[in-house]
Amino acid sequence: MRAVLAPAVVAALLLSGCSSDSGEDPVQQPPAAQPAEQTPATPQTHQWGQAATVTGAEGGQLKVTPLGVLYHRGPYRGVDGPANGWFVAIALRIEALDRQDRLVAPAEGGGWGWRSGEQQIDTIDGNATSTPWVGEVPEFGDPILPGKPQAGVVTFDVPAKGGELQYTSADGVVTSWTVPAAATGSGLEKVRQRIKLFT
């Protein structure tokens, strides 16, 4: 008499016959790695006139020193005044410490900014790009070379005198300076000359 195998036994034999002949256990996939939480970059705050080292667009180290600040609101002949209240021109000296580099541009998610209370302003807000001096004074458009510091001017259209100058590096670190509410310092002679031409 022929033995009849139960269906459950047949199924078990079929499954065992389909196992790998390699003798290795099936590879277990490790659990998916959880993305590491990014720690926010610690802001660096400085007093006006204090030098600070920031990271340039290409990863080099740049030493930034605020030199002077000037507020002006016009009126100007043939040029619109500030849309937000005041134009502020800030003179800076920047030196490449280790290699040629340039400043981070706003289009790259960083660069210069102005903070007034809770309001964040960049260099193209309001009428900041159409002051009497923009385009006529040095503005850090060229690469900065070691041993050849550059002096230039950054301009904003701001709601009030006094605030915080900020530079956001390519690595996200924010370096800031507390800006006086009155004109002070040096490096703004060409700005004053341009203002005289339009007032």
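Residues numbered from 1 in each chain as written. Predicted model: local features only at pLDDT ≥ 70, side-chain atom pairs only at ≥ 80, totals over all residues. Heavy atoms only, no water.

1. Examining the overall build of the protein
The criterion, for reference: Runs of E in the DSSP output that reach at least two residues are strands. Runs of H or I that reach at least four are helices, and both are numbered from the N terminus. Throughout, exposure labels follow a simple rule: accessible area from a 1.4 Å probe, protein chains only, divided by the maximum for the residue type, with under 20% read as buried, over 50% as exposed, and the rest as partly exposed. Here, two residues are considered to be in contact whenever any of their heavy atoms come within 4.5 Å of each other. Only the protein chains shown count as cover for residues, and all accessible areas are computed by the Shrake-Rupley method using a 1.4 Å probe.
On a plain count of helices and strands, the protein comes out with two helices and ten strands. Scanning the protein from its N terminus toward the C terminus, one meets helices and strands in the order α-β-β-β-β-β-β-β-β-β-β-α. The buried share among the 199 residues of the protein stands at 33%. Within the protein, counting contacts between residues at least 6 apart in sequence, those at least 24 apart form 72% of the total. Split by element, the accessible area of the protein, about 11900 Å² in all, is 53% carbon and sulfur.

2. Overview of the sheet that holds strand β8 (residues 163-168)
The following threshold applies: When DSSP finds at least two bridges between two strands, those strands are taken to pair. Angles shown run from 0 to 180 degrees and are taken between the N-to-C directions of axes, each axis being a line fitted to C-alpha atoms and, for helices, limited to the stretch in contact.
Pairing within the open sheet is mixed, and its five strands lie in the order β1-β9-β8-β5-β6. Unpaired on one side and paired on the other, β1 (44-46) and β6 (119-122) mark the two borders of the sheet. Neighbour-to-neighbour, the strand axes of this sheet turn through a mean angle of 25 degrees, independent of strand direction. For β8 and strand β9 (residues 174-179), the ladder comprises six bridges, and the chain directions are antiparallel. Residue Glu 164 lies in a different strand from β9, and its bridge partner there is Thr 178.

3. Description of the pattern of salt bridges
The criterion, for reference: Salt bridge, as used here, is a side-chain nitrogen of Lys or Arg placed within 4 Å of a carboxyl oxygen of Asp or Glu.
In this structure the tally under the stated criterion is four salt bridges. We note a salt bridge from Glu 95 to Arg 93, for which the minimum N-O separation is 3.6 Å. Arg 115 is the partner of Glu 118 in a salt bridge, and the nearest nitrogen-oxygen pair spans 3.4 Å. A relative accessible area of 27% means that Arg 115 is categorised as partly exposed. Look at the salt bridges and you will find they share partners, linking Glu 58, Arg 102 and Glu 108 into a network.

4. Regarding the packing of aromatic side chains
Aromatic ring pairs: the centre-centre distance and the angle between the two ring planes describe each pair. Counted only if it meets this: Classification of ring pairs uses Phe, Tyr and Trp, with its six-membered ring standing for Trp, and accepts pairs whose centres are within 6.5 Å; under 30 degrees between planes counts as stacked, over 60 as edge-to-face, and the remaining range as tilted. In this scheme, the term charge over a ring applies when either NZ of a lysine or CZ of an arginine sits within 6 Å of the ring centre and within 35 degrees of the ring normal.
If you walk through the whole model with that rule in mind, you get five aromatic pairs. Ring plane angle 45 degrees and centroid distance 6.3 Å describe the contact between Trp 112 and Trp 177, whose orientation is recorded as tilted. In this pair, Trp 112 sits in strand β5 (residues 111-116) while Trp 177 sits in strand β9, placing the two residues 65 residues apart along the sequence. Residue classification places Trp 112 among the buried residues on the basis of a relative accessible area of 9%. Assessed through its relative accessible area of 0%, Trp 177 is described here as buried. Put simply, the rings of Tyr 76, Phe 87 and Trp 133 touch in pairs and so form one group of aromatic residues. Taking the ring centre of Trp 86 as reference, the NZ or CZ of Arg 73 above it sits at 4.3 Å. Positioned above the aromatic ring of Trp 86, the side-chain terminus of Lys 161 is 4.4 Å from the ring centre.

5. Looking at the side chain of His 46
Tracing the backbone through its elements, the reader meets His 46 in strand β1. If near-sequence neighbours (up to four positions away) are discounted, His 46 is found in contact with Ala 51, Ala 52, Thr 175, Ser 176, Trp 177 and Thr 178.

6. Regarding the environment of Val 174
Assignment of secondary structure puts Val 174 in strand β9. Judged by its relative accessible area of 22%, Val 174 is partly exposed. Spatially, the C-alpha atoms of Val 174 and Gln 44 are 6.3 Å apart, while their sequence positions differ by 130 residues.

7. As for the confidence of the model for the protein
Here is the rule: You can read pLDDT as the predictor saying how much it trusts each residue, on a scale of 0 to 100.
Chain-level pLDDT for the protein is 84 on average; 79% of the residues reach the 70-or-more range. In this model, residues 1-40 is a region of pLDDT below 50 whose contacts with residues beyond four sequence positions or in other chains number two contacts.

8. Focus on the environment of Gly 117
Position of Gly 117 among the secondary structure elements: in the loop between β5 and β6. Residue classification places Gly 117 among the exposed positions, given a relative accessible area of 56%. When the C-alpha positions of Gly 117 and Ala 160 are compared, they lie 9.9 Å apart, and in sequence the two are 43 residues distant.

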